[in-house]
Amino acid sequence: MKTQVVLGTFFGDEGKGSTVQWLCKESIGRGEKPLVIRYSGGSQAGHRIICNGIEHVCSSFGGGTLLGVPTFLNENVMIDPISTKIEFEQLQKQGITPKLYLHPNLSIITHYDVAANQADKKVLSHGSCGEGIYHTFLRGKKGRKLTYIVANTDPVESLNMVRSYYETDMNEDLDKKFIEAVAWLNKFAVITYLPPVGYDCYIFEGSQGLLLDMDCGFMPHCTPSRVGLNGMTGTYLKDAEVFMVMRAYLTRHGNGYNPSRADMVREYFDVEEPTNRDDGFQGVFKYGLFEENMLRRVFDRHHIDNWKNQYGLTINGVVTHLDCQIEDCIPFYDKNQEYVRYSEDSFLRKLSTYFDNIYGSYSPELSDEQFKQFTPDF
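As a starting point, this report considers the structure included with it. What you are looking at is a predicted structure, and each value in this text was computed from that prediction instead of being measured.

Structural notes on the pattern of salt bridges
As a working rule, side chains carrying opposite charge can pair if their charged atoms are close by. On inspection of all chains with the given rule, the structure shows 10 salt bridges. Across the pair lysine 2 and glutamate 241 runs a salt bridge, and its minimum N-O distance is 3.8 Å. In this pair, lysine 2 sits in strand E1 (residues 2-8) while glutamate 241 sits in strand E11 (residues 241-247), placing the two residues 239 residues apart along the sequence. Lysine 308 is the partner of aspartate 356 in a salt bridge, and the nearest nitrogen-oxygen pair spans 2.9 Å.

What to know about the pairing of strand E4 (residues 54-58)
The side-chain alternation of E4 yields one buried face, formed by Ile54, His56 and Cys58, and one unburied face, formed by Glu55 and Val57. In this sheet, E4 lies alongside strand E3 (residues 47-51) in antiparallel orientation, the contact comprising five bridges. Across the sheet, the residue bridging to histidine 47 is cysteine 58, located in E4. Connecting E3 to the next strand, E4, in antiparallel fashion are two residues, including asparagine 52 with a positive phi near 55 degrees.

Some points on the nonpolar core
Core analysis: the largest hydrophobic core is formed by 50 residues, its most contacted members being Phe10, Leu229, Met244, Leu313, Phe347 and Phe355. Take this core: its biggest share by element is four residues, from helix H11 (residues 292-301). Those residues within four positions of phenylalanine 355 in sequence are excluded, and the remaining contacts are Met244, Met246, Leu295, Phe299, Ile315, Asn316 and Gly317. Counting 32 residues, the second-largest nonpolar core is a separate cluster that includes Cys51, Phe61, Leu73 and Ile82.

What counts, and where the lines are drawn
- Residues numbered from 1 in each chain as written.
- Predicted model: local features only at pLDDT ≥ 70, side-chain atom pairs only at ≥ 80, totals over all residues.
- Heavy atoms only, no water.
- Salt bridge = Lys/Arg side-chain N within 4 Å of Asp/Glu carboxyl O.
- Helix = DSSP H or I, 4+ residues; strand = E, 2+ residues; numbered from the N terminus.
- Buried < 20%, exposed > 50% of the residue type's maximum accessible area, 1.4 Å probe, protein only.
- Pairing = 2+ DSSP bridges.
- Core = buried A, V, L, I, M, F, W, Y, C linked by side-chain atoms within 4.5 Å.
- Contact = heavy atoms within 4.5 Å.

Functional significance is not addressed by these values, which are geometric in nature.
Next comes the structure, spelled out in structure tokens:
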């Protein structure tokens, strides 16, 4: 069984979904049957993919969806039945009927969790997406976890439990939508404790960037999930290929770390952000120059070298948005925090000292045909 893992290197929004789609296409080209496994986070993921003229933002479905690759959500994922049903309907309108496998013990997000999240100023100040992730996590920590199997058994009683926890009034309209969505999931999704058999390649899709991880990220501006290799079991890590995705510059959506020289990036980089708007709960989408020191901190905080040696991992770097350059060069800060302007080859050669292989993509839309391996030239 081939295992591949796609991780966001910094703060998210790097191109994880399109990297997953690229790996799915490569797997299919080898005559394999790939399966995408989501193992962290929930409906706050916004992985934009484009294939054959169809565009979709994946939240509950994996990055291989437009290629017909199924998704398995394991027990560490949180799922919002209402938003998942809406996403399914959006896909159907574009002629796509996805296949979804669910672990029976994954956590259920209710509309009451979402409402509590959006009313919590402290949590919002940490950079929350307002999708109910933190409050679902906290409710579970306090012994009120709602699993899919329980919600499916009696969704009315499940909602009563959640309402009681929050001491809030009933929302009859959303209650009805929730009950209908759970009933739909019961008919649509396949329930299984383990990834289904019959697949040749498991592609694990991370949900957020590594510096947002609940154990190794920059607190308190983190997500309540283990989004790195620490969120996986060793069963699947043996000899796995890991793909750490990053842009040619830094981004940050939400409060917390502010990338350096946002003025330069905002002025010179021609980048479309159709899914990273400035008017949501996370506020302004921030840009900054790439910082080599930040990459070193990721490797240190997540003990990447230890994971590599323990499981025989191949650590690959994937750099996206390479066409967003200033005067045919990529400006960044090196490990001494000195401002440097490098050609594309020099920039990638610099990064290759951290990785076994380097791949790149030349489009903000991250079309899978535009990925290229650079390591042989080095």
